[in-house]
Structure formats: C-alpha cells, structure tokens
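# Close look at the chain arrangement
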Amino acid sequence: MRGKLLPLAGLYLVQGLPYGLQSGLLPVLLRARGLSLTRVGLAKVLYAPWLFKLLWAPLVDTRGSPRAWLTLSTAALGLVCGLLAALPPAEAGQAGLPVTVAGLLLLLNLGAAVQDVALDTLAVQLLESAELGPGNTVQVVAYKLGAVLAGGGLLALVPTLSWPLLFLFLAATYWLAAALAWGAPVLQQQPAPQPSEPSPHTLHLLQDLLAVPGTLWTAGFVLTYKLGEQGAGSLFPLLLLDHGISSPELGLWNGVGAVACSIAGSSLGGALLARHWQPLPLLRSVLRFRLGGMACQTALLFHLDTPGARLDPSTVLRGAALLSLCLQHFLGGLVTTATFTLMMRCSQLASGALKATHYSLLATLELLGKLLLGTLAGALADGLGLHLCFSLLLALSATPIVYLGLAPSTLA
C-alpha cells in the first residue's frame, strides 16, 4: 500500500499549492492594502475553472490515459508559474490585483482542475476498498500541506522573498511533480480506459451519474456540509486582522498553525476510518463538535464587536481567538477526510467508464458549496452586519447534522 500512497501524496501536495496561494496569501495581502471584505471575497472568482471539471472529466475517462493527462497538466502548471515569475515585481505589488496576474492565476486554476480530475481518476482506480481511509487521509493531508506551504509559509516570507524567485521555485516544483507522474511505476500499471461506445449525450450522462446508488443524497450533503464553516473561516481571520493582529502573525497562525491542526484532524480521521469507524457515524459525532466550536467562535466574535474590546498581546482574549481558529481547522480536517472517503465510496459504485466523471461531479459540488459562502461571506458581513451574518452561518452549520439522518443504506 505504501508504494501507492507515496506517489499520490507527492502529487496531491503540489495540487494544493494554487489553493494555498489564493486562499492564504492573496486575501490577507488584499485586505492589508485596504480592500473591502466584499472585494476580497470576490477574488475567489478565480477558482471558477474548478466548477467546470465535468466538461473535461469525460475526456479523462475515455481519451488517452489518466497518467498522460496528469503529466501534461502538471507540466503546464509549471509553465504558468514560469510566466508569473517573468512579471515585473512592481506590477505584482500594485494595489488590488493586476489584470495580467489575475489572468495567469485563472490559468493556474484551470491546469490544477484538470490535474485534479486525472489524479482522482488514478486514485479511484488504484485504491482498494480497505485502502480508502488511508488513501483519503493522504489526499487531504498532502493537499493541505501544499496549501499551507503556498499560503502561510509564503506569507511569512513575503517581506524577504522576491516575486520571480517565488514563482520560479513553484515552477521547478511542478516540473519535478510532472516527472514523478510520468515515471512512478505504480502509476504506469494503470491501463488507459478503452471506450467501447461513443460518449453519451450530456443529458444521458447526467442521468447515468445520478442513477448511481446514493448519488443524490451524497450530492446534497457535499454541497451543504461546509457552508457555515467556510463562511466563518473566510471572515474570522480577516476580522482578527482588523482588530490588531499583524499580517505575518496571522499568516503564522492561520496559514501554518491552523492548517497544521487541520492536518492533525485529517490524520486522526484517517486513523479512525482505517480501524473500525465508518464515515457516516464518524460524521455524526464530529459535526456536533464542530457546531459547538463554531458557537464558541461566534460568541467570541460578538464580544470583539463591542466597544473597547481589543486583541492585545498576551491577553486571554487573543489566546482564545487563536485557539478557536485552530480548533475549527482541526475539526474541519476530520470532517473533510470522512466526507471524501464517503464520496469515493459512492463513486466506486459507478461503472468503470463513469468513475472519474462521477467523482468529479461530487468534487465539483463540494467545491461549489465552499466557494458559494467563501465568495459571498464578505458581502453578507458588509450587508447584514457581523451579528446577523454569523448567526446565519451558525444555523447553516447545523443543517448537515439533520441531513445525515436521511443517509441511504448503500453508503452505510
């Protein structure tokens, strides 16, 4: 099993780099330059290519080999990073987000989304049922490790690391990953799919995907399970920045400390799944803990919104805020690992020619749910006020607990 997991870990790590760059580094830099919460949130529009993975997932299923798609998309990511490195540092340092940088980041997300489909296809083909827990732990942990390296790690280095050097390093990383994707022996053993009939019409394809047992329920769950958490997670660090925590310190806690807690949570989830826990019972327990943690974070935020409340160094309030940040990431990591295991279990019920497309459908809906609140959270906070906004997010976090009671027996 180790021979399968090590190459997957390296490839999922580099897949997390664009997410960390845009979720950990970019929002803090934009907020520090005075942009409103609404404009910072709208920068997540750059994730749009991830929502259209279903357009090329059938191609990965039926044209060429997933290994070839993986190699080419990873090498293309290196090329885009090389182009970003060639930009003048002055352009990258402008207030707001330059059009050229935004366009290249959009291409970076496009390449990463194609890479994601190919890599998930290989993982679905490669992992046996007993390996889903460890396999999804590797997926989530490695992805988050890549995100923290590109997010909090780079944020801490921003004052000293030049723009060209940063993206040249990322380009070299992607080209090494492309060599791994092409040369890893365990990935060479995976046969390219052999289509026996023409690709079905889009409507018929969707009908076939939804006919897979458990798909409708799983789609509803992955679309909603992160709504409240993602909205609060997008706003809370920026509000800490507004209350006096510096960008480097926030990068350390939100980019490194919090993601380290998330990785610890994902690892614990994988260990529990590898032993005797099933995804659904684990989710029932952890979602309740997450709701309690978010209620405490909401109460803390309400206190910070009162006159005179400050996050001065060495105060209990500051420690509680940072602890709350880390705790929510820890519980979020547990929830994510269990959910991705559930998604992969559902996709394995699909026929061989539909596995990649089916998993891409679930992964696209999962991302859509996270992007929806991540993008609109700033506008909700500006429009409704913090109290009403976080009360709504707390209610959304309770919804998946109720929804789990409707889970079909095929996923038990």
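Computed from a prediction, not measured in an experiment: that's the story for all the values here.

The rules behind the values
Residues numbered from 1 in each chain as written. Predicted model: local features only at pLDDT ≥ 70, side-chain atom pairs only at ≥ 80, totals over all residues. Heavy atoms only, no water. Helix = DSSP H or I, 4+ residues; strand = E, 2+ residues; numbered from the N terminus. Polar contact = N/O pair within 3.5 Å; in protein donor to acceptor, adjacent residues only side chain to side chain. UniProt positions renumbered as here; feature names shortened; annotations may be inferred. Contact = heavy atoms within 4.5 Å. Phe/Tyr/Trp six-rings, centres within 6.5 Å; stacked < 30°, edge-to-face > 60°. Buried < 20%, exposed > 50% of the residue type's maximum accessible area, 1.4 Å probe, protein only. Lys NZ or Arg CZ within 6 Å of the ring centre and 35° of its normal.

## A word on the side chain of Q297
Mapping Q297 onto the fold places it in helix α16 (residues 279-304). For Q297, the side chain forms a polar contact with the side chain of S324, separated by 3.0 Å.

## Remarks on the UniProt feature "transmembrane region" (unreviewed entry) in the protein chain
Under the UniProt annotation, the feature "transmembrane region" (unreviewed entry) is placed at residues 68-87, 99-119, 140-159, 165-184, 252-274, 316-344, 356-378 and 384-406. This span, residues 99-119, is 100% helix and 0% strand, and a straight line between its end C-alpha atoms measures 30 Å.

## Re the side chain of T341
Considering the arrangement of structural elements, one finds T341 in helix α17 (residues 316-347). For T341, the residues in contact, after removing those within four places along its chain, are L132, G133, N136, L273 and P279.

## Points about the packing of aromatic side chains
Scanning the model with the defined rule gives four aromatic pairs in all. Judged by centre distance (5.2 Å) and plane angle (10°), the rings of W217 and Y403 are stacked. Residue W217 is located in helix α13 (residues 215-224), and its partner Y403 is located in helix α19 (residues 386-403); the two are separated by 186 residues in the primary sequence. Residue class for W217 comes out buried when judged on its relative accessible area of 8%. Three or more aromatic residues joined by ring pairs make a cluster, and in this case those are W217, F221, Y225 and Y403. Looking at R67, its charged tip hangs above the ring of W182, at a distance of 4.0 Å from the centre.

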